[in-house]
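Spelled out, the chains give:
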Amino acid sequence: MAWIPDRFLLPSKLGGDRVDVFHATELTSIIFRKGVRTVATIHDLIPLVFWEEVSKDYPWDYSFAVRDAYRRVRRCDMVITPS
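Not measured: the values here are computed from a predicted model.

**Quick notes on the overall build of the protein**
And then number 1: Broken down by element type, the protein carries four helices and three strands.
And then number 2: The helix and strand sequence of the protein, counted from the amino end, reads α-β-β-α-α-α-β.
And then number 3: Looking at the protein residue by residue over its 83 residues, the buried ones come to 39%.
And then number 4: Expressed as a percentage of contacts within the protein between residues at least 6 apart in sequence, the contacts between residues at least 24 apart total 47%.
And then number 5: Split by element, the accessible area of the protein, about 5,600 Å² in all, is 57% carbon and sulfur.

The structure is reproduced here in structure tokens:
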């Protein structure tokens, strides 16, 4: 459930600091703030590519976070996939 604090606390933190770019290194921690570019590094594409096969093994909250992250990835300014 670590994604929950990220989702609600990071946007306000980015607004308070003068941040130009936010780099999310965890799939479920992709957040957006007006005026801040977002870069995401996705280390494992399996949950996105083979969702039907792997999602049944995830707890409900992580399953929700990954589905939501997939929508968020599309809005990123840049996506890095080292795998």
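There is more to say, and it comes next.
**Considerations on the sheet that holds strand S1 (residues 21–24)**
And then number 1: Strand order in the open sheet formed by three strands is S1-S2-S3, and the pairing between neighbours is parallel. The open sheet has two edge strands with one neighbour each: S1 and strand S3 (78–80). Strand-to-strand, the axes of this sheet are offset by a mean angle of 15°, without reference to chain direction.
And then number 2: As defined by bridge partners, S1 adjoins strand S2 (residues 37–41) across four bridges and the pair is classed as parallel. Within S2, the position partnered with His23 by the bridge is Val39.

**As for the environment of Val66**
And then number 1: Here Val66 lies in helix H4 (residues 60–73).
And then number 2: Residues Val66 and Ser55, spaced 11 residues apart in sequence, show a C-alpha to C-alpha distance of 9.1 Å.
And then number 3: Filtering out sequence-adjacent residues up to four positions away, Val66 remains in contact with Leu27, Thr28, Pro47, Leu48 and Trp51.

**Topic: the environment of Val19**
And then number 1: Residue placement: Val19 occurs in the loop between helix H1 (3–16) and S1.
And then number 2: As for Val19 and Val36, which are separated by 17 residues in sequence, their C-alpha atoms are 6.4 Å apart.

Thresholds applied
- Residues numbered from 1 in each chain as written.
- Predicted model: local features only at pLDDT ≥ 70, side-chain atom pairs only at ≥ 80, totals over all residues.
- Heavy atoms only, no water.
- Helix = DSSP H or I, 4+ residues; strand = E, 2+ residues; numbered from the N terminus.
- Buried < 20%, exposed > 50% of the residue type's maximum accessible area, 1.4 Å probe, protein only.
- Contact = heavy atoms within 4.5 Å.
- Areas by Shrake-Rupley, 256 points an atom, 1.4 Å probe, with all protein chains shown as cover.
- Pairing = 2+ DSSP bridges.
- Axes fitted to C-alpha atoms, helices over the stretch in contact; angles between N-to-C directions.

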